[in-house]
Amino acid sequence: MKTSLFVLLLVGIVSFSCSKKVVPQGVETASLTTKDSTASETQHVTKTLYLDSIHQQTWSHFYAKYSVHYTDSKRSFNFKLSIKSARDSATTALVSLANIPIFNSLITKDSIVYLNKKDRCYGRFPIQAINKLLGVGITLENLEELFLGLPLGYDEVKDLTEHELNMQDSCRFTFKNEGITNVYVIQLSRPALLSENIQLQENNSLEVQYLEWKSYGSLFVPSHLKLKIISPNETFTVHFTLDKHELDIPQEISIQIPENYAPCN
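Below, the structure is looked at part by part.

1. Overview of the environment of Tyr184
Argument step 1. With respect to the element layout, Tyr184 can be found in strand β9 (residues 180–187).
Argument step 2. On the accessibility criterion, Tyr184 (0% relative accessible area) is buried.
Argument step 3. Residues Tyr184 and Ile198, 14 residues apart in the sequence, show an inter-C-alpha distance of 8.7 Å.
Argument step 4. A polar atom in the side chain of Tyr184 sits 2.7 Å from the backbone oxygen of Leu152.

Here it is as structure tokens:
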């Protein structure tokens, strides 16, 4: 598989979301008011705090191994993915086929560095250059949010334009910001995300379904998630099944470029 496809896959996973804003500290989980409430201002505050409480769950380090199934209109294949992350600092992603590491990358706030082990080459992209290429901002935090089941690109400052509470155990939040529409569906009893959908300009969108969860202390970690990236010309579907995970255990996060590796074409 060509280097460009791996880069697009990794970048695509984190790219279709708006930039994360700083979440205020000290916000506790709040219960939602129902449709019968007449205190609209209180309802707005409590429903916003509910998403805040999911997004700001505390963690410092994350390590996980996934079995991954990738599908597009031309191909379908399986691979293994290992992720190490230090919160708001750096993340490494290692792709293996048949237990052979073939692609490694280091994502920081400023750049993505990758090694194509099959072709024995490397590359480096500034985040700003990738943002310009894709036409949408990406952040390191988006990758963390995806695999920890936190609302992608969530900005608690913006007004939620829609709120629906059904008779079961779920609730939907929607807000629009600079041409991007974010829709989050949460489960009230955990709390945890059931799904999220981000509609971009030019008919591009990202859909994430969190199909299964595992509890780790006070934090729920998604153990099976389905990611679908939709564009006018192609649809990519990626299933991630969690094989192993560790939380809040410091990890060594680095990447070394061998001397005999040349820049990738």
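Once the structure has been displayed, the description carries forward.
2. Digging into the pairing of strand β4 (residues 100–108)
Argument step 1. The element β4 is extensively covered by neighbouring structure, given that seven of its nine residues are classed as buried.
Argument step 2. Across eight bridges, strand β3 (residues 90–97) lies against β4 in antiparallel orientation. Following the sheet pairing, Leu97 is matched in β4 by Ile100.
Argument step 3. The sheet contact formed by β4 and strand β5 (residues 111–116) spans five bridges and is antiparallel. For Leu106, the partnering residue across the bridge sits in β5 and is Val113.

3. Let's talk about the pairing of strand β11 (residues 205–216)
Argument step 1. As paired strands, strand β10 (residues 192–199) and β11 are joined by five bridges and run antiparallel to one another. The residue bridging Glu196 from the neighbouring strand is Val208, located in β11.
Argument step 2. What sits between β10 and β11 in their antiparallel hairpin is a turn of five residues, with Glu202 showing a positive phi close to 60°.
Argument step 3. Examined bridge by bridge, β11 and strand β12 (residues 219–230) share 11 bridges and lie antiparallel to one another. Note that in β12 the partner of Gln209 across the bridge is Lys226.

4. Comments concerning the state of the cysteines
Argument step 1. For the structure shown, the criterion picks out one disulfide.
Argument step 2. The disulfide bridge from Cys121 ends at Cys264, spanning 1.9 Å between sulfur atoms. Its torsion about the S-S bond being 95°, the disulfide of Cys121 and Cys264 is classed as right-handed. Pair noted here: Cys121 is in strand β6 (residues 121–126) and Cys264 is in the segment after β14 (262–263), with a separation of 143 residues, a long-range link. With respect to burial, Cys121 and Cys264 carry one shared label: buried.

5. As for helix α4 (residues 140–148)
Three- or four-residue spacings in an α-helix give side chains the same orientation, since the helix completes a turn every 3.6 residues.
Argument step 1. Of all nine residues in α4, nine are buried; the element is thus mostly enclosed.
Argument step 2. Turning to α4, its buried residues are Leu140, Glu141, Asn142, Leu143, Glu144, Glu145, Leu146, Phe147 and Leu148.
Argument step 3. Phi for Gly149, located one or two positions after α4, is positive at around 70°.

Analysis parameters
Residues numbered from 1 in each chain as written. Predicted model: local features only at pLDDT ≥ 70, side-chain atom pairs only at ≥ 80, totals over all residues. Heavy atoms only, no water. Helix = DSSP H or I, 4+ residues; strand = E, 2+ residues; numbered from the N terminus. Buried < 20%, exposed > 50% of the residue type's maximum accessible area, 1.4 Å probe, protein only. Polar contact = N/O pair within 3.5 Å; in protein donor to acceptor, adjacent residues only side chain to side chain. Pairing = 2+ DSSP bridges. Disulfide = S-S within 2.5 Å.

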